[in-house]
Amino acid sequence: MKVMAQMGMVMNLDKCIGCHTCSVTCKQAWTNRAGVEYVWFNNVETRPGQGYPRTYQDQGKWKGGWVRTQRGKLKLRSGSRWHRLTTIFTNPVLPELKDYYEPWTYDYDNLISAPLGEHTPVARPKSLITGKPMKIEWSANWDDDLSGGPELAVDDPVIKKIKNEVGDRVKMEFEQAFMFYLPRICEHCLNPACVAACPSGAMYKRSEDGIVLVDQDACRGWRMCVTGCPYKKVYFNHRTGKAEKCTLCYPRIEVGLPTVCSETCVGRLRYIGLFLYDADRVTEAAATENEQDLYEAQLDLILDPNDPEVAKQAQRDGIPMDWINAARKSPVYALAKKYKVALPLHPEYRTMPMVWYIPPLSPVVDALRETGNDAEDAGNLFGALNALRIPIEYLAELFTAGDVVPVKHSLGILAAMRSFMRDSNLGKPTDASIPAAVGLTEEEMYSLYRLLAIAKYDDRYVIPEAHSETARDLEELACSLDYDGGAGMYEQGPFGESSGRPAPVAVETFHALAHRQGTDTIVDASDEDAKVNLLNWDGRGVPLGMPTMPPKTAEPDSAGDRAAASTPGRPDDATRSGGAS
Amino acid sequence: MIAALPLAARAQEVASDVQLSTTDILLWDVLPYVTMAVFVVGMIWRYRYDRFGWTTRSSQLYEKKLIRIASPLFHFGILAVLMGHVVGLLIPEQWTQAVGISESTYHFFAVLLGAFAGAATLIGIVLLIIRRRTVGPVFSATTKNDKVMYLFLTGAILLGVVATLAGAGVLGDGHNYREDVSVWFRSLFYLQPQAELMAAAPLAFKIHAVAGMALFIVWPFTRLVHAFSAPVGYVFRPYVVYRDRGPHDAGNRQPRRGWEKVGGP
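Sequence positions are assigned chain by chain, starting from 1 and proceeding in written order. Written order decides the labels, with chains lettered from A and ligands numbered from 1. Thresholds applied to this predicted model are a pLDDT of at least 70 for local features of residues and 80 or more for the giving and counting of side-chain atom pairs; totals over whole chains, interfaces and linings are not thresholded and use all residues. Excluded from the side-chain calculation are hydrogens and water; included are all heavy atoms of the structure.

(A) Structural view of the overall build of chain A. Only runs of H or I of at least four residues qualify as helices and only runs of E of at least two qualify as strands under DSSP, and these elements are numbered from the N terminus. Across its full length, chain A holds 27 helices and 17 strands. Only protein chains enter the calculation, and the probe is 1.4 Å; a residue is then buried if its accessible area is under 20% of its type maximum, exposed if over 50%, and partly exposed in between. The proportion of buried residues among the 581 residues of chain A is 55%. Across chain A, the fraction of contacts at a sequence separation of at least 24, relative to all contacts at a separation of at least 6, is 70%. Summed over all atoms, the accessible surface of chain A reaches about 24200 Å², with 52% contributed by carbon and sulfur. Should any heavy atoms of two residues lie within 4.5 Å, those residues are counted as being in contact. Areas reported as accessible are Shrake-Rupley estimates using a 1.4 Å probe. Residue values count occlusion only from the protein chains shown.

Encoded structure:
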């Protein structure tokens, strides 16, 4: 047994309202650059629907993930190592830009330079790829909320699959009953197919926290990773010729902050925490013969951090004690392994994905309410779960390779919680048989309720900082995107944006941010550690250069030693600093 | 026969026989070493300071149909051409004769295989250039550096085809380059360059040799460097790569003036 730590995420789909805040903030943080205009490290797709890139789940077409060979070995679906090396000069199954969408801008200049005419001038769309005028026919989330639309839903690979099995009847009932949102980031898999596909060895899994990253200096642009990833979450930057992907916001994670997508999630549906897993058994588990057993195999890999044997072995394998403690408090461990309400996305791809999903109960509740029944009565809900085959089969195709039992189990717990807590909140006597029906105690029900419904920030994100022994290294750690044209290149130089020297993006900046978010006092603008600017301004305090009000009471800063003499917002304070971090 | 003589004796014999012009000395004695120096130092410099720019810069994302034919055609063709050069330039004629391959048999096969490889390379690069010029997104992603690179690469290939045809007797009388060009090429590596051999070689071979050297001079500064990242190690390494979160060089400080070394893994 070799214990390794993995940073994992759980998303509670019941709470997703499809507002795309996660996508937008992620885009602003990571991919608002030339070459990755079409790239969304985080996207939210409407289900049923084709997804992004379109029909990416159709592995017959896109050849992502792993397959099990006759001899029980794992092989990339795109072929053996030798086979793929012979196709290195052109990748036969690389998605084209049109499978994502062609990015564009508008010809704004025309608005002011058009000659005087009868009609108001318009800004026509212009392709960012060719620079020519273009007709917009598809874009990110073009099919948002259009899931039931017969033009789009028919091409949903998941629907196609169910249709083959259950017949046309499915589609009609399905369209009436069902729509939900599926936010997706990189799965940071335990058995990542993208890493395995990279000929240059530029992609790697960080041994400390399992985050999958691309070494921008080692990537040679062979594009095999794009094909390898069955979730199509590795993208090709067409300007730099390098692969880029979701980094799980590792500079934030390292200082204990949640990812940008989680931090800004309006529905507060994301959970981040640690898994401890047995790295020795990953390949064996991923080669499980029956696809429907893969979910169980994946669960088996995850170790119980409360088990003293596991903790001992973890320490022997170099996992620091505070990380083991964090793993014990991990919300993702509780949701995925303890309560088994969170399920992996497409375990049949055999990559052992580490972003888990709590399936949405709402479509079931809605369907039930429309029939005129009490949609929150436990008996009705349980009955509906068994009767409403269609949404559950669809969910099972997404999360358990078609096995409906785990999905029913998960939805059953959610239904029980809804019903049980309604009684509790209305001051009625609670019915102990409800939690018992799903195999939980009342106490566990309350604790799950606290985690899922109250969802306090500190309960949702249990992220240990990168360990103190390595803190010195961390201070020197640069953001890997601060290359020319990278996300780190936002500083202004003498010749406008992205001229001059790259601004160092250091972990210290994120430490300051973490400190500011955790403190209850107004941060002093003269405080060098705070380094307020609008880029990391979180709404508290006053960013540099803004006129400020003097504080009502001279309260010493909680940090103590550096506070005493400073008065926030004095103009002379505000004008200095703001330089390099 | 010349190659069999002791070096010193040969040098004397040569010096008395042939009068080399300054141009010949520059082209066949000096330029090869300049080329090697620029190439080696250039590659090391590029690897140390610009690993981020070391990429194929693929344009497959923009256009898929043409490149699926053209790119493998060109690349496999040029690999075969490379093999042809290795065999033709590095293996002395005496060796092949010693194992019983006559001059005519050798050239028959060399021309036959060379014709296939050359045709594939040529068709490939022509298609690639057409694609680059006619497909809008590919054209707008083409840099000046790319255009210069294409000029040198296509030039060297075209001149190579001309030289091959000249050697095979299709153009002109035919010429056995293994008796002069190859000997000269090998002489460069034991630091006794025999410029007089090249000085006497047919013009087509001279021009091709210069074009070849020019290509190697620009090589480290173009996208051609990706030829040296052929992922040989891939077949030997485990599928999943783990790496520690090591310290990086650049980071929490202002970058220094000038080029900064790239921190390696």
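(B) Examining helix α3 (residues 65-90) of chain B more closely. Residue and element names in this part refer to chain B. A helix is expected to span 1.5 Å for every residue after the first. With 26 residues, α3 should cover 38 Å at 1.5 Å per step; its first-to-last C-alpha distance of 38 Å lies within 8% of that length. Along α3, the positions that sit buried rather than exposed are Ile67, Ala70, Ser71, Pro72, Phe74, His75, Gly77, Gly88 and Leu89. At its buried positions, α3 is contacted by α5 (103-134), α7 (144-168) and α8 (181-189).

(C) Seen up close, the side chain of B:His75. By secondary structure assignment, the location of B:His75 is in helix α3. Under the relative-accessibility criterion, B:His75 is labelled buried at 19%. Contact partners of B:His75, with chain neighbours within four places excluded, come to A:Phe89 and B:His226.

(D) Summary view of a nonpolar patch on the surface. All names here are of chain B. Patches were defined on residues exceeding 30% relative accessible area and lacking a salt bridge, with like-charge contacts within 9 Å and nonpolar side-chain contacts (Val, Leu, Ile, Met, Phe, Trp, Tyr) within 5 Å. Each salt bridge in this description consists of a side-chain nitrogen of Lys or Arg and a carboxyl oxygen of Asp or Glu lying within 4 Å of one another. A surface patch of nonpolar side chains, about 710 Å² in accessible area, is lined by Phe76, Leu79, Leu82, Val86, Val87, Leu90, Ile91 and Trp95. For the nonpolar patch, the element with the highest residue contribution is α3, accounting for six residues. Structurally, Leu79 is set in helix α3. The class for Leu79 is partly exposed, based on a relative accessible area of 42%.

(E) Highlighting the packing of helix α2 (residues 22-49) of chain B against α8(B). All names here are of chain B. One can describe the packing of α2 onto α8 by two numbers: an axis separation of 11 Å at closest approach and a directional angle of 60°. Between α2 and α8, the angle falls in the class oblique. As for how α2 packs across α8, the hand of that crossing is right-handed. Contacts from Trp28, Pro32, Tyr33 and Met36 of α2 reach α8 at Trp184, Ser187, Leu188 and Phe189. Angles here are taken between N-to-C directions and fall from 0 to 180 degrees, while the axes themselves are lines fitted to C-alpha atoms, restricted in helices to the stretch in contact. Here is the rule for angles: anything less than 35 degrees is roughly parallel, anything more than 145 is roughly antiparallel, 65 through 115 is roughly perpendicular, and the remaining ranges are oblique. Two helices crossing with the near one rotated counterclockwise from the far one by less than a right angle form a left-handed crossing, whereas a clockwise rotation gives a right-handed crossing.

(F) Geometry of the confidence of the model for chain B. All names here are of chain B. Looking at chain B as a whole, its pLDDT mean stands at 86, while 86% of the residues score no less than 70. Known as pLDDT, the predictor's confidence for each residue is given on a scale from 0 to 100. Across chain B, the secondary-structure element scoring lowest on mean pLDDT is helix α1 (residues 7-17), at 50, and the one scoring highest is helix α10 (residues 203-218), at 96. The model gives residues 1-5 a pLDDT under 50, and that stretch makes eight contacts with residues more than four places away or in other chains. Low confidence marks residues 248-252, where pLDDT is under 50. Its contacts with residues over four positions away, or in another chain, come to 15 contacts. Predicted as a complex, the structure gets a pTM of 0.83 and an ipTM equal to 0.85.

(G) Just the side chain of B:Arg51, in detail. Summarising the element assignment, B:Arg51 is placed in the loop between α2 and α3. Neither His nor the chain ends contribute to the count of charged residues, in which Lys and Arg are positive and Asp and Glu negative. Despite its burial, B:Arg51 pairs with no opposite charge; the closest candidate is A:Asp217, at 5.9 Å N-O. Whenever two N or O atoms come within 3.5 Å, that pair is a polar contact, provided that in protein one can donate a hydrogen and the other can accept it, and provided that, for residues adjacent in sequence, both atoms are side-chain atoms. Here B:Tyr47 takes part through its backbone oxygen, which lies 3.0 Å from a polar atom of the side chain of B:Arg51.

(H) Geometry of a negative patch on the surface. All names here are of chain A. Working definition for charges: the position is that of NZ of Lys, CZ of Arg, CG of Asp or CD of Glu. On the surface, Glu289, Asp293, Glu296 and Asp300 cluster together to form a negatively charged patch. Structurally, Asp293 is set in the loop between α13 (282-286) and α14 (294-301). For Asp293, a relative accessible area of 39% corresponds to the partly exposed category.

(I) Main features of the pairing of strand β2 (residues 43-47) of chain A. All names here are of chain A. The buried fraction of β2 is high, at five of five residues. Of the two faces of β2, the one carrying Asn43, Glu45 and Arg47 and the one carrying Val44 and Thr46 are both buried. Strands are treated as partners if at least two bridges between them are detected by DSSP. In terms of strand pairing, β2 meets strand β7 (residues 180-184) through five bridges, oriented antiparallel. Of the residues in β7, the one forming a bridge with Glu45 is Leu182.

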